[in-house]
Amino acid sequence: MKRAWPALPVTLLALSFAIGGAQQSPNPSADSVAIIGAKAYVQPGESPIEDATILVVKGRIQAVGVGLAVPAGMRSIDAKGRMVTPGLMNSASQLGLVETGTPDTSDSAVVTGPFGASFDVQYALNPNSTLLPVARADGLTRVMVVPTGSATPPFDGSGAVLRLSEGSDILDLPQAAVVAEVGGMVVPKSGGSRGAQWMLIRSALDAAQRRMATASSAHKENSDTDKSTLLSTSNIEALVPVLKSKIPLVIVAYRESDLRQAVSLVDDYKIRVVIIGADEGWRVADLLASHKIPVVLNPYASTPATYDQIGARLDNAALLDRAGVVISFKAAFVHVSYNAGIAIREGAGIAVANGLPWPHALKALTVNPAETWGITAHYGTLQPGEDADLVIWDGDPLEPMSAPALVLIRGRQVSLETRQTDLEKRYRPDRAGDSEPPGYR
Amino acid sequence: MMMRELTKSDLCNPVHRVPRLHGALLSCVLLSCLGALVFPARSPAAVASPSHAPALPDPYPSTYKPLPRSDMLIDNATVFDGIGHRLLHAGVLLHDGKIISVGSNLHAPEGTKTIDAHGGFVTPGLIDVHSHLGDFAAPFTLQDAKVSDVNEESSPNSAEVWALHSIRVQDPQFARVRIGGVTTLQVLPGSDDLFGGRGVVLKNVPAVTVQEMEFPGAMPSLKMACGENPKYTFGEKGQFPSSEMGNVAGYRQAWIEATEYKRRWDGYYAKHDPNLAPPARDLKLETLTAVLRNQILVVMHCYRADEMAVMMDVAKEFGYQITAFHHAVEAYKIVPLLKENHVCVAVWADWWGFKVEAYDGIRSNAAFVDAGGGCVMLHSDATISAEHLPLDAALTIGAAHRAGIDISEEHAIEWLTINPARSLHLDEQIGSLEPGKNADVVVWSGDPFSVYTRASIVIIDGAIVYDRNDPGRQATSDFEVGQPAIERPR
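Along every chain, residues carry numbers that run from 1 in the direction the sequence is written. Written order determines the labels here, with chains lettered from A and ligands numbered from 1. Whole-chain, interface and lining totals are the exception, using all residues; otherwise, since this is a predicted model, local features are given only for residues with pLDDT of at least 70 and side-chain atom pairs are given and counted only at 80 or more.

1. So, the overall build of chain B
Note the following rule: Under the DSSP-based scheme used, a helix requires at least four consecutive residues in state H or I and a strand at least two consecutive residues in state E, with every element numbered from the N terminus. Counting other C-beta atoms within 10 Å of each residue's C-beta, where C-beta atoms are placed from the backbone, gives the exposure class: buried for 20 or more, exposed for 12 or fewer, partly exposed between. A pair of residues counts as a contact when their C-beta atoms, built from backbone coordinates, are within 7 Å of each other.
Across its full length, chain B holds 14 helices and 16 strands. Looking at chain B residue by residue over its 490 residues, the buried ones come to 61%. Within chain B, contacts between residues separated by at least 24 positions form 72% of all contacts whose residues are at least 6 apart in sequence.

2. So, the overall build of chain A
Helices and strands together make up the secondary structure of chain A, namely 12 helices and 16 strands. Its C-alpha atoms give chain A principal-axis dimensions of about 70 × 60 × 45 Å. In chain A, buried positions account for 60% of the 441 residues.

3. Let's talk about the domain arrangement of chain A
All names here are of chain A. For clarity, the threshold we go by: Domain start and stop positions are those given by an automatic or database domain assignment.
Examined at the domain level, chain A breaks down into domain 1 (8–86 + 402–416) and domain 2 (88–379). Here domain 1 and domain 2 have C-alpha centroids that lie 32 Å from each other. Taken together, the contacts link 13 residues of domain 1 with 15 residues of domain 2. Listing elements by their share of the side of domain 1 that touches domain 2, those giving two or more residues are β5 (83–86) and β15 (404–409). Considering each element in turn, the side of domain 1 that touches domain 2 owes the most residues, three residues, to β15.

4. Examining the packing of helix α6 (residues 244–271) of chain B against helix α8 (residues 305–318) of chain B
Residue and element names in this part refer to chain B. Defined as follows: Note on method: axes are straight lines fitted to C-alpha atoms, helices fitted across the in-contact stretch only, with angles between N-to-C directions ranging 0 to 180 degrees. By definition in this entry, angles of less than 35 degrees are roughly parallel, angles greater than 145 are roughly antiparallel, angles of 65 to 115 are roughly perpendicular, and the rest are oblique. Each crossing is labelled by how the near helix is turned from the far one, with a counterclockwise turn of less than a right angle marking it left-handed and a clockwise turn marking it right-handed.
At their nearest, the axes of α6 and α8 sit 10 Å apart, and the two run at 15° to each other. Classified by the angle between their axes, α6 and α8 sit roughly parallel to one another. As α6 packs across α8, the resulting crossing turns out to be right-handed. Contacts between α6 and α8 involve V248, Y251, R252, W255 and T259 from the former and V310, V314 and F318 from the latter.

5. Digging into the sheet that holds strand β6 (residues 88–93) of chain A
All names here are of chain A. Selection rule: Following DSSP output, two strands are said to pair if at least two bridges run between them.
With respect to topology, eight strands assemble into an open sheet ordered β6-β7-β8-β9-β10-β11-β12-β13, the strand pairing being mixed. Only two strands of the sheet have a single partner each, and these edge strands are β6 and β13 (327–329). For this sheet the average axis-to-axis angle between neighbouring strands, irrespective of direction, equals 25°. Sheet analysis places β6 next to strand β7 (residues 140–145), joined by four bridges and oriented parallel.

6. A few points about the nonpolar core
Selection criterion: To count as a nonpolar core, a set of buried Ala, Val, Leu, Ile, Met, Phe, Trp, Tyr and Cys residues must be joined through C-beta atoms within 7 Å.
In terms of nonpolar packing, the biggest core is built from 287 residues, with I54, V84, V178, A204, V250 and I275 of chain A together with V345 of chain B touching the most fellow members. Other than its neighbours up to four places away in sequence, V178 of chain A contacts A117, F155, S158, A238, L239, V242, I247, L249 and V250 of chain A.

7. A word on the sheet that holds strand β13 (residues 376–378) of chain B
Residue and element names in this part refer to chain B. Reading across the sheet, the eight strands line up as β6-β7-β8-β9-β10-β11-β12-β13 and stay open at both edges, with mixed pairing between neighbours. Every other strand in the sheet has two partners, leaving β6 (126–131) and β13 as the edge strands with one partner each. Averaged over all pairs of adjacent strands, the angle between their axes in this sheet comes to 25°, without regard to strand direction. In terms of strand pairing, strand β7 (residues 182–187) meets strand β8 (residues 195–203) through four bridges, oriented antiparallel. Across the sheet, residue V187 finds its bridge partner in β8, namely V200.

8. Remarks on the interface of chain B and chain A
Going by this rule: Basically, the charged four are Asp, Glu, Lys and Arg, the nonpolar ten are Ala, Val, Leu, Ile, Met, Phe, Trp, Tyr, Cys and Pro, and anything else, Gly included, counts as polar.
In this assembly, 62 residues from chain B lie in contact with 59 residues from chain A. Take the side of chain B that touches chain A: its biggest share by element is six residues, from helix α12 (residues 389–402) of chain B. Broken down by class, the residue content of the side of chain B that touches chain A amounts to 38 nonpolar, 12 polar and 12 charged.

9. Here's the deal with unusual backbone geometry
Of the consecutive residues P153 of chain A and P154 of chain A, the connecting peptide bond is found in the cis state with omega at 0°. Within the secondary structure, P154 of chain A is located in the loop between β7 and β8 (155–163). At the junction of F240 of chain B and P241 of chain B, the peptide bond is cis and its omega measures out at 0° in the coordinates. Looking at the element boundaries, P241 of chain B is found in the loop between α5 (228–235) and α6. The backbone of K58 of chain A shows a phi angle near 50°, a positive value even though the residue is not glycine. Tracing the sequence through the fold places K58 of chain A in the loop between β2 (49–57) and β3 (60–66). Using a count of 15 C-beta atoms within 10 Å as the deciding quantity, one classes K58 of chain A as partly exposed.

10. What to know about the packing of α6 of chain B against helix α7 (residues 283–292) of chain B
When two helices pack together, their arrangement is given by the angle between the helix axes and by the axis-to-axis distance. Residues and elements named next belong to chain B. The interhelical angle for the contact between α6 and α7, taken along N-to-C directions, is 80°, at an axis separation of 9 Å. Between α6 and α7, the interaxial angle falls into the category roughly perpendicular. For the pair formed by α6 and α7, the contact residues are A254, W255, E257, A258, T259, Y261, K262 and W265 on the first element and L285, L288, T289 and L292 on the second. Counted by class, the contact of α6 with α7 contains eight nonpolar, two polar and two charged residues.

11. Observations regarding helix α9 (residues 342–353) of chain A
Put simply, the rule is: Each residue after the first adds 1.5 Å to the expected span of a helix.
Its 12 residues place the ends of α9 of chain A 16 Å apart at the C-alpha level, agreeing with the 16 Å of an ideal helix rising 1.5 Å per residue. When you tally the buried positions in α9 of chain A, you get 12 out of 12 residues, the bulk of the element. Buried within α9 of chain A are the following residues: I342, A343, I344, R345, E346, G347, A348, G349, I350, A351, V352 and A353 of chain A. In this fold, the buried residues of α9 of chain A make contact with β6, α8 (316–323), β13 and α10 (358–364) of chain A together with α12 of chain B.

12. Notes on α7 of chain B
Residues and elements named next belong to chain B. Within α7, the full set of buried residues consists of L285, T287, L288, T289, A290 and V291. Buried residues along α7 sit against β8, β9 (221–225), α6 and β10 (297–302). Backbone geometry just downstream of α7 places N294 in the positive-phi region, at approximately 60°.

13. Examining the environment of P400 of chain A
All names here are of chain A. Inspection of the secondary structure assignment puts P400 in the loop between β14 (390–393) and β15. Assessed through the 29 C-beta atoms surrounding it within 10 Å, P400 is described here as buried. When the C-alpha positions of P400 and D138 are compared, they lie 9.9 Å apart, and in sequence the two are 262 residues distant.

14. Here's the deal with the pairing of strand β3 (residues 98–103) of chain B
Residue and element names in this part refer to chain B. Here strand β2 (residues 86–95) runs beside β3; their pairing, made up of five bridges, is antiparallel. Counted as the bridge partner of L94 is I99 from β3. Between β2 and β3, which pair antiparallel one after the other, the connecting turn spans two residues, and D96 there sits at a positive phi close to 55°.

15. Thoughts on the environment of A403 of chain A
With respect to the secondary-structure elements, A403 of chain A resides in the loop between β14 and β15. For A403 of chain A, a count of 25 C-beta atoms within 10 Å translates into the label buried. Along the primary structure A403 of chain A and G139 of chain A are separated by 264 residues, whereas in three dimensions their C-alpha atoms are 7.4 Å apart. Dropping the residues within four chain positions of it, A403 of chain A is found in contact with D394 of chain A together with G398 and R402 of chain B.

16. Comments concerning the confidence of the model for chain B
Any region with low pLDDT has predicted coordinates that should not be read closely. Residue and element names in this part refer to chain B. We count it as follows: pLDDT is defined as a per-residue confidence score from the predictor, taking values between 0 and 100.
Put simply, chain B has an average pLDDT of 90, and 89% of its residues get 70 or more. Throughout residues 1–49 the model reports pLDDT below 50, and contacts reaching past four residues in sequence, or to other chains, amount to 206 contacts. Scored as a whole, the predicted complex attains pTM 0.91, and scored at its interfaces, ipTM 0.91.

Here it is in structure tokens:
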């Protein structure tokens, strides 16, 4: 059943790019390829195009449509009717910052010293982490990496978007957001009341406002007499992009009262806010939607894990989505980073099992995180002009049995081999009787 | 802190939390181990003690009573019977809390309630051999982060404690896991100690006391732990043990003491003299001695292959059997050795890397053990996994397929049913849909290995304990009563 792709602009773009692309890329190149026979989810949330051809030139989607001519000499991969989606994005992880959980390989949190909002994870990223290939092999191609602790509560520092390309070039968008964390489990760090957490956030935002006013005036003297770490020059300057609405302020919070406090920051400071957590978000879904606050949620959350999460329920994703909140996914626990791909795929499936429409689940794995973290210009769909992050799936990507058959990141096919698959080869059951030790395999 | 999304583990090992937020938290979750497939004895009563020792005392006996029930015919289903079969267009007939028959064209006697599965699936009730529900109860608090009920951390040998005595029956997680089809769970102490204490098998029924949940006649277990957790828990406090070799010395010293204690009591029993004063009791050594008498099953939290190999030799040295290694992320490296020692493993599908000893975890672990002829179970450790246990099996099936090993769903369900039943020595009562067994049954809306499937009906001993379509059969804990955060806002 071939269907015409309904979006006219795509078709037009496809034609124009196709011609130019063929002329510019006469030779096969590593980041130019045609995917044919795809069930292409070009715009997640909308119907796929059956039997589509996707032309990738120099790392970008050049054209998508039915019956497109593949330029001579371009490598062609037959998807054989299988689902092809944009590469997936995890919206809150520590990929690239953690390896074994020991302090020498854990760079996600600064717990002593002068840093607060100014801590920046970008300088710690490890492209050779063994966690990255595992995430790639699960179809993850982008990830928002956020810090997880603070020397100056409630501010954890700034997070960064990664692209999971092979090689060292993984930093997609540094300083994508500033993260603050509130709630009962971190109350002692702020003196003993969550009231103090919100007051500290507000006083830091106030100080940043004063700094902006000072900076724009003739006299650039520092009007802040408070020399606390919270209000240090670097920590306050890190909040200026938040106040200018260039990047969002992330609030990690679960309880309804904290979500309402986050909403009031939008009212009072006219800033963009993103919530990570929001187990009780369904209780204030309309408010979050009207204040355009995206939510990054853990789709597995079902229990009152803490007193901040008493209202947790498995249809939180469905209820937020129905209200018009832009949702995306994170995982919990071991799965935050070590299984950052499969956990959000399966988690999205659980959200679907609890009422989230499947097309919206795909959005929550692609375009929604792109929108939340400000990278829609180059990632999130298979529309022409976007980076060619795409996955050919061997089944439904939300099913735990499924896996990618092929992954492209910025047009390059990446290996699906991981340290785990290498170990599996070494210890295959049919080798149990080998006389040589596994170390020689 | 994203990581602060604690499931139990998170809190269980505060010692490790501060600097290493990641694996750290997990370190204790990974808490324990129990279960196994060694089949040494069918039940405590069946264990012959060479020294005329009496049966293991049961001072906190089960008061479990099945919930009100009616005879039922569940029909129009695909049945995974738990022992390797997939029956199409089939059903299960339940009478007086037992399974009467399984198959097609079953005849329901007069008065039998009929449940149409509408083409869904039916499996045995799932069995989770590694749970901390109740002893790592929700909601977790900052107090729990300092001192929790899952680990007794005053001594690396806490063999005297019983998980039973920590269990908070009103833990709301019991109901969440029931909705996931788990009808039987083994609740264990954590893994911060060399000897963590006794575990207990529970029926996942709503109750007011833990005795009302205790599985009648089930053998207790002793939780032991290898590796990083005991070493760091005590070593970082400057106490013993502070190394892996210290761990092993700690086990051996304790077994030497237990052997001597057993000898004293065997001598006392052999004299049959009621006027003779018995030797002094010691709670730690009572538990260890009961292990040496095969009255308590040993479940051991271990990750690495080399550690497991050493522990199997320790067991031989002192004459006990390890029923199962729990977590066992490197089980795939030593499948023949596990088989030779009749030790089962209970594993996660995909947990890896969060600590050094988990770095070599692979997704085909369960499948490789199975394909190599070993015994394997899937366990939860954390509630999020226990709510979706069949999905862990699905993940393993998929990974194994890509590694060249095909495992059928009707076989993989055994990892959650008959294998853990054998490990608990309860396979004559639960673990499969066979005539005469307890009517522990789950009706699923579809293939249980699909993420879109949910349990429709959960039955324990012939009583419906959960029905997705009947609000009257959806038990909640007392904790959830009167909580404004749970009710829908007006």
